[in-house]
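# Examination of the molecular architecture
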Amino acid sequence: MAKSGSADNFYFSGPVYLKIVDWDDEDHRRTVAASLVKGAYALEIDHLEKRRGHPALAPPWWEFFHFQLIAKLVDDNKVFGAIYKFQPELAFEWSSPGTDSTEGHPDYVIAFRGTLTKPDCLLHDLLADFHIILNQLHKTSRLGIALQAVRDTVSKGSNVWLAGHSLGAAIAMIAGKTMAMTGTFLESYLFNPPYYSVPTERIFKDQKLNQMLQVGGAVIKAAVAVALRDKCPQQRRIAESTEQIFAALARWVPNIFVHDDDFICSKYVCYFEKREAMEKLGLGATARFAAQHSYGVFLLTALGNEEHPAHLLPSARLTINMSRARDAVEAHALQHWWWHDLQLRSKNYNYQNGYK
């Protein structure tokens, strides 16, 4: 979530230290992606506060990194995303002698903001959040607009990035999955994507006990999935569809960024680390099967919603922010992802080839 004011002013709260971007540096790529998502937030805040021209606060969030805004993504008169085009001629002009700051850059970046607390758009955003909980985000007009924008942009450029925060990360995730199903694997930056589940891993402080509970829970979930698949035709269809989808998505490795203190997204840590622990115990097949299912989807399927669980992923590069946050709101905030003194831990989780 975001508030207007100094937080929207790039030169007050943005990464002004990053004057030259090394596109081979993952910290630089993360910083630029987060800044472009912030630009999408600022676009809607400028719209709500009627800031146009020079008073507008949004443009520096992309212009500083030599991007051009080519389209706003609008649903019900609310800006929820933006499409940016990189301008390599400007980046080359600002680069230092003997350096090439344009190598490896994206041609386009499509960025999606999360929920805003402004009264004029809060209800609209909360309805989209509710669709995430119901596993129905893909049926919203916002997602339809986003998917069309992604398809159109991919047809123009060879290197397209997706980026999003919170609700926006959920949109980017579905868009990335949709494209991956067609064989197009887009580099993606998903900041604090929602994973709505009870944080059972926080019940006990003992790490080994928590791991035992997580592994046991996964085994039980797999057993429940098998039982439901054998007895319920709807669950069988979902299980078969999800297995095919996971196989097709395995080569797509989005970058997922979570904060250890953020209950909205920290479940992804348990989700991937549990699979790794089970692989080491010789339970890899059970781990991969359990990773395709969730109790929430079991319930929704029983209520007639036959949909693949949109938040589950076969593969990812997971980055955990270990820096302490003052509260849950700060832990879920976007701005700490462009700070340059973060305590981060990153790991690749590959569905086909184990973990590294």
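Presented here is a report on the structure given in the accompanying data block. No experiment lies behind these values; they were computed from the predicted model shown. (Residues numbered from 1 in each chain as written. Predicted model: local features only at pLDDT ≥ 70, side-chain atom pairs only at ≥ 80, totals over all residues. Heavy atoms only, no water.)

Within the protein chain one finds 13 helices and 9 strands. In the protein chain, buried positions account for 54% of the 356 residues. Summarising the internal contacts of the protein chain: among those between residues at least 6 apart in sequence, 76% fall at separations of at least 24. Here the protein chain displays about 16,400 Å² of accessible surface, and carbon together with sulfur accounts for 56% of that area. (Helix = DSSP H or I, 4+ residues; strand = E, 2+ residues; numbered from the N terminus. Buried < 20%, exposed > 50% of the residue type's maximum accessible area, 1.4 Å probe, protein only. Contact = heavy atoms within 4.5 Å. Areas by Shrake-Rupley, 256 points an atom, 1.4 Å probe, with all protein chains shown as cover.)

Phe112, Ile256, Tyr268, Phe272 and Leu318 are the most contacted members of the largest nonpolar core, which totals 50 residues. With 10 residues, helix H7 (residues 167-180) is the largest single contributor of residues to this core. Excluding its chain neighbours within four sequence positions, the residues that come into contact with leucine 318 are Ile256, Val258, Tyr268, Val269, Phe272, Arg345, Ser346, Lys347 and Tyr349. Counting residues in hydrophobic clusters, the runner-up holds 38 residues, among them Phe10, Tyr41, Ala42 and Leu342. (Core = buried A, V, L, I, M, F, W, Y, C linked by side-chain atoms within 4.5 Å.)

Now for the pattern of salt bridges. All chains considered together, the criterion is met by 14 salt bridges. For arginine 30, the salt bridge identified is with aspartate 27, shortest N-O distance 2.8 Å. Remark: aspartate 27 and arginine 30 occur in helix H2 (residues 26-48); sequence separation between them is 3 residues, near one turn of the helix. For arginine 30, a relative accessible area of 4% gives the class buried. For aspartate 27, a relative accessible area of 36% puts it in the partly exposed group. We note a salt bridge from glutamate 273 to arginine 345, for which the minimum N-O separation is 3.2 Å. (Salt bridge = Lys/Arg side-chain N within 4 Å of Asp/Glu carboxyl O.)

Attention shifts here to the side chain of asparagine 192. Mapped onto the elements, asparagine 192 comes out in the loop between strand E5 (187-191) and helix H8 (207-231). For asparagine 192, the side chain forms a polar contact with the side chain of tryptophan 337, separated by 2.8 Å. Discounting residues that sit within four places of it in the chain, asparagine 192 has contacts with His165, Ser166, Phe257, His259, Asp262, Cys265, Ala331, His332, Ala333 and Trp337. (Polar contact = N/O pair within 3.5 Å; in protein donor to acceptor, adjacent residues only side chain to side chain.)

Bringing H7 into the picture now. Because an α-helix packs 3.6 residues into every turn, residues spaced three or four apart end up facing the same way. Taking 1.5 Å as the rise per residue, H7 with 14 residues should run 20 Å; its terminal C-alpha atoms sit 20 Å apart, in good agreement. Counting buried positions along H7 yields 13 of 14 residues, so the element is predominantly enclosed. (Expected span 1.5 Å × (residues − 1).)

Glancing now at the packing of helix H6 (residues 141-154) against H7. The geometry of H6 relative to H7 is characterised by a closest axis approach of 10 Å and an angle of 50° between their N-to-C directions. Classified by the angle their axes make, H6 and H7 are oblique. In this structure, H6 meets H7 at a crossing whose hand is right-handed. In this structure, H6 uses Arg142, Leu143, Ala146, Leu147, Val150, Arg151 and Val154 to contact H7, whose residues at the interface are Leu167, Ile171, Ile174, Ala175, Thr178 and Met179. Considered class by class, the residues forming the contact of H6 with H7 number 10 nonpolar, 1 polar and 2 charged. (Axes fitted to C-alpha atoms, helices over the stretch in contact; angles between N-to-C directions. Parallel < 35°, antiparallel > 145°, perpendicular 65-115°, else oblique. Left-handed = near helix turned anticlockwise from the far one by under 90°. Nonpolar A, V, L, I, M, F, W, Y, C, P; charged D, E, K, R; others polar.)

Right, let's get into unusual backbone geometry. Of note in the backbone geometry, lysine 50 takes a positive phi value of approximately 55° without being a glycine. Its identity as a non-glycine residue notwithstanding, asparagine 135 has a phi of 60°, on the positive side. Locating asparagine 135 in the fold gives a position in the loop between helix H5 (119-133) and H6. The class for asparagine 135 is buried, based on a relative accessible area of 8%.

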